[in-house]
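This is what each chain is made of:
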Amino acid sequence: MFGDLSGMMDKLKQAQQKVEETKQRLNTVLIDEASADGSIKVTVTANREIKAISVNESLLNDVEELEDYLILTLNKALKRAGEINEQEMAVAAKSGMPNIPGMDMFK
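Per chain, residue numbering runs from 1 following the sequence as it is written. At least 70 in pLDDT is required for a residue's local features to be given in this predicted model, at least 80 for side-chain atom pairs to be given and counted, and no such filter applies to totals for whole chains, interfaces and linings, which use all residues. Heavy atoms throughout the structure, all of them, feed into the side-chain values; hydrogens and water do not.

1. Overview of the overall build of the chain
Part 1: Secondary structure assignment for the chain yields two helices and three strands.
Part 2: Elements are defined by DSSP. Helices are runs of H or I of four residues or more, strands are runs of E of two residues or more, and each kind is numbered from the N terminus. Ordered by position from the N terminus, the helices and strands of the chain form the series α-β-β-β-α.
Part 3: Should any heavy atoms of two residues lie within 4.5 Å, those residues are counted as being in contact. In the chain, of all internal contacts separated by at least 6 residues, the share reaching a separation of at least 24 is 53%.
Part 4: Surface accessibility in these figures is a Shrake-Rupley result with a 1.4 Å probe; residues are shielded only by whichever protein chains are displayed. Summed over all atoms, the accessible surface of the chain reaches about 7600 Å², with 53% contributed by carbon and sulfur.

2. Notes on a nonpolar patch on the surface
Part 1: Residues enter patches when their relative accessible area tops 30% and they take part in no salt bridge; the joining distance is 9 Å for like charges and 5 Å for the nonpolar side chains Val, Leu, Ile, Met, Phe, Trp and Tyr. What counts as a salt bridge is simple: a side-chain nitrogen of Lys or Arg found within 4 Å of a carboxyl oxygen of Asp or Glu. A surface patch of nonpolar side chains, amounting to about 340 Å² of accessible area, comprises I50, I53, V55 and L60.
Part 2: Mapped onto the fold, V55 is located in strand β3 (residues 50-55).

3. Things to note about the environment of E21
Part 1: Mapped onto the elements, E21 comes out in helix α1 (residues 5-26).
Part 2: In this structure E21 comes out as partly exposed when scored by relative accessible area, which is 45%. Exposure is judged per residue with a 1.4 Å probe applied to protein chains only, and the accessible area is read against the type maximum: over 50% gives exposed, under 20% gives buried, and values in between give partly exposed.

4. Description of the sheet that holds strand β1 (residues 30-34)
Part 1: Read from one edge to the other, the open sheet built from three strands follows the order β1-β2-β3, with strand pairing classed as antiparallel. Of all strands in the sheet, those bounded by a partner on one side alone are β1 and β3. Across this sheet, the average inter-strand angle for adjacent strands is 10 degrees, counted without regard to direction.
Part 2: Relative to strand β2 (residues 40-45), β1 is paired through five bridges, and the arrangement is antiparallel. When the bridges of β2 are listed, L30 appears paired with T45. Here the rule is simple: two strands pair whenever DSSP picks up at least two bridges between them. Note on geometry: axes are lines fitted to C-alpha atoms, helical ones only across the stretch in contact, with angles between N-to-C directions running from 0 to 180 degrees.

5. A closer look at the side chain of T73
Part 1: Mapped onto the elements of the fold, T73 is located in helix α2 (residues 63-96).
Part 2: In the analysis that follows, any N or O atom pair within 3.5 Å is treated as a polar contact, provided that within protein one partner can donate a hydrogen and the other can accept it, and provided that, for residues neighboring in sequence, both atoms belong to side chains. Within polar-contact distance, the side chain of T73 engages the backbone oxygen of Y69 at 2.8 Å.
Part 3: Leave out the neighbours within four places in its chain, and T73 touches E33, A34, S35, I40 and V42.

6. Structural notes on α1
Part 1: Residue count minus one, scaled by 1.5 Å, sets the expected span of a helix. Between the first and last C-alpha of α1 there are 31 Å, a value that for 22 residues agrees with the 32 Å anticipated at 1.5 Å per step.
Part 2: Residues of α1 that are buried: M8, A15, V19, T22 and L26. Looking down the long axis of α1, one finds its buried residues gathered within 65 degrees of arc, a one-sided arrangement. Facing away from the buried side of α1 by more than 90 degrees, the exposed set consists of K13, Q16 and Q24. Each direction from the helix axis to a C-beta atom contributes to the arc, which is the arc of those directions.

7. Looking at unusual backbone geometry
Part 1: Of note, R48 is a non-glycine position whose phi angle comes to about 65 degrees, a positive value.
Part 2: On the secondary structure map, R48 appears in the loop between β2 and β3.
Part 3: In this structure R48 comes out as partly exposed when scored by relative accessible area, which is 40%.

This is the structure:
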């Protein structure tokens, strides 16, 4: 009924390994983002980990402005990181999945 069950299990293990390898690789994919005026710069990984934040000294006098710029810039960077992460993980998961009839989840 299910064909080669051990073959499917091997494919699932390969898919899991591929996903883990992709997660590790995404730790090395860096996304740089800056505020509109360049006064804040952030770097995050595609796994949404913040690696660096650079703040222009002019913002240190206005806490509210600094907070606003940080939030906007970090959100832009994390959104881009999330998009890259989702695309890469979908490819990794799909490439290793066995062909199970009726289970075509990744179209």
